[in-house]
Amino acid sequence: RTAFPEYLSIGYNVLYSTWHLLFVIGFDHDIADEIACSRPELYKVGPRRGLFNARIFTKWMLTGVIQGSLTWLLSFALMEPLPEYDKLTPGKFWIFSTVAFTAINMVVWLKLILYSQNPFSLRYTILPTAGAILCYFVALFMLGYSGIGISFQPCMESIPGEMLKDTDAL
């Protein structure tokens, strides 16, 4: 069994989360070069592993597992009765699965904005995040309404529209 539509979840690492992360973190800036060069004590935390160590990494991993699990469980806990799983046929299971996957992506986008050095930077934070959101919804639309998308993932046929119509899913 698959929890999420495969062809939707394939894009998670590249299209919906990673590429815009490179923009937000890679091109973000915090202090001027002159200040950084004149005050090396600002960077002592790096060699001391104050910002990245086993404890922080474990916290990140646990947070991710808890976020994903809670999002999945909350989405499916709202369903009465539990829907039947059919890998090839669109239905309630795939509506709620897509809602859960959308919620997980939204949490990732929001956390990326909140944790960036300049969360309100149009060029380095807002536009790349908007691009990732656009990629997600284009992929969702293509899987639900294009011939090739439906041939790859038949369970996604018309699911984006059904998500909006189903008041239990929202």
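Our subject is the structure listed above.
Residues numbered from 1 in each chain as written. Predicted model: local features only at pLDDT ≥ 70, side-chain atom pairs only at ≥ 80, totals over all residues. Heavy atoms only, no water.

**Student:** Is there a simple way to explain helix H4 (residues 54–77) in this structure?
**Tutor:** Count 3.6 residues to each turn of an α-helix, and residues three or four apart come out pointing the same way. Over its 24 residues, H4 extends 33 Å from the first C-alpha to the last, a length consistent with the 34 Å expected when each residue adds 1.5 Å. All buried positions along H4 are accounted for by Ile56, Thr71, Ser75 and Phe76. Where H4 is buried, its residues contact helix H5 (92–115). Sitting at the head of H4, Asn53 places a side-chain oxygen 3.1 Å from the backbone nitrogen of Arg55. (Helix = DSSP H or I, 4+ residues; strand = E, 2+ residues; numbered from the N terminus. Expected span 1.5 Å × (residues − 1). Buried < 20%, exposed > 50% of the residue type's maximum accessible area, 1.4 Å probe, protein only. Contact = heavy atoms within 4.5 Å. Polar contact = N/O pair within 3.5 Å; in protein donor to acceptor, adjacent residues only side chain to side chain.)

**Student:** I'm lost on the pattern of salt bridges in this one. Help?
**Tutor:** Two side chains that carry opposite charge are able to pair once their charged atoms sit near each other. Under the definition given, this model contains four salt bridges. We note a salt bridge from Asp166 to Lys92, for which the minimum N-O separation is 2.5 Å. Linking Asp166 in the segment after helix H8 (159–165) with Lys92 in helix H5, this pair joins segments that are 74 residues apart in sequence. Given a relative accessible area of 12%, Asp166 falls into the buried group. Of the residues examined, Lys92 reaches a relative accessible area of 37% and is grouped as partly exposed. (Salt bridge = Lys/Arg side-chain N within 4 Å of Asp/Glu carboxyl O.)

**Student:** Teacher, can you tell me more about the packing of aromatic side chains here?
**Tutor:** Any aromatic ring pair is given by two values, namely how distant the centres are and how the planes are angled relative to each other. Taken as a whole and judged by the stated rule, the model has 17 aromatic pairs. Ring geometry for Trp19 against Phe23: centres 5.7 Å apart, planes inclined by 90°, an arrangement best described as edge-to-face. Residue Trp19 and its partner Phe23 are located together in helix H2 (residues 12–26), separated by four residues, close to a single helical turn. Taken together, Phe4, Tyr12, Tyr16, Trp72, Tyr85, Phe93, Trp94, Phe101, Trp109, Tyr136 and Phe137 form an aromatic cluster joined through their ring pairs. (Phe/Tyr/Trp six-rings, centres within 6.5 Å; stacked < 30°, edge-to-face > 60°.)

**Student:** Looking at this model, I keep getting lost on the side chain of Asn105. Mind explaining?
**Tutor:** Mapped onto the secondary structure, Asn105 falls in helix H5. Look at Asn105 and you get buried, because its relative accessible area is 0%. In this structure, Asn105 is in contact with Tyr12, Tyr16 and Tyr136, ignoring residues within four places of it in sequence.

**Student:** Is there a simple way to think about the nonpolar core in this case?
**Tutor:** Among soluble globular proteins, nonpolar side chains are generally buried collectively. Among the nonpolar cores identified, the biggest contains 24 residues, and Leu8, Tyr16, Trp94, Phe101, Tyr136, Met156 and Ile159 are the most heavily contacted of them. At the level of elements, H5, helix H6 (122–145) and H8 are the ones that each hand at least two residues to this core. The element contributing the most residues to this core is H5, with nine residues. Aside from chain neighbours lying at most four places away, what touches Ile159 is Pro90, Gly91, Trp94, Ile95 and Thr98. (Core = buried A, V, L, I, M, F, W, Y, C linked by side-chain atoms within 4.5 Å.)

**Student:** Help me out: how do you make sense of a nonpolar patch on the surface in this one?
**Tutor:** A grouping of Val45, Leu51, Phe52, Phe57, Trp60 and Met61 is seen on the molecular surface, where their side chains present a nonpolar patch of about 620 Å² in accessible area. Mapping Trp60 onto the fold places it in helix H4. (Patch = residues over 30% accessible without salt bridge, like charges linked within 9 Å, V, L, I, M, F, W, Y side chains within 5 Å. Areas by Shrake-Rupley, 256 points an atom, 1.4 Å probe, with all protein chains shown as cover.)

**Student:** Please clarify how the packing of H2 against H6 should be interpreted in this entry.
**Tutor:** Axes are the key here: two packed helices are described by the angle between their axes and the distance separating the axes. Running from amino to carboxyl end, H2 crosses H6 at an angle of 165°, the nearest separation of the two axes being 9 Å. With respect to each other, H2 and H6 are oriented roughly antiparallel. As H2 packs across H6, the resulting crossing turns out to be right-handed. Residue-level inspection shows Leu15, Tyr16, Trp19, His20, Phe23 and Val24 of H2 in contact with H6, the latter providing Tyr124, Thr125, Pro128, Thr129, Gly131, Ala132, Cys135, Tyr136 and Ala139. (Axes fitted to C-alpha atoms, helices over the stretch in contact; angles between N-to-C directions. Parallel < 35°, antiparallel > 145°, perpendicular 65-115°, else oblique. Left-handed = near helix turned anticlockwise from the far one by under 90°.)

**Student:** Would you explain the packing of H5 against H6 in this entry?
**Tutor:** Running from N to C, H5 and H6 point in directions that differ by 170°, and their axes come no closer than 10 Å. By the criterion of interaxial angle, the relationship of H5 to H6 is roughly antiparallel. Facing H5, whose interface residues are Thr98, Phe101, Thr102, Asn105, Trp109 and Ile113, H6 presents Thr125, Thr129, Ala132, Ile133, Tyr136, Phe137 and Leu140.

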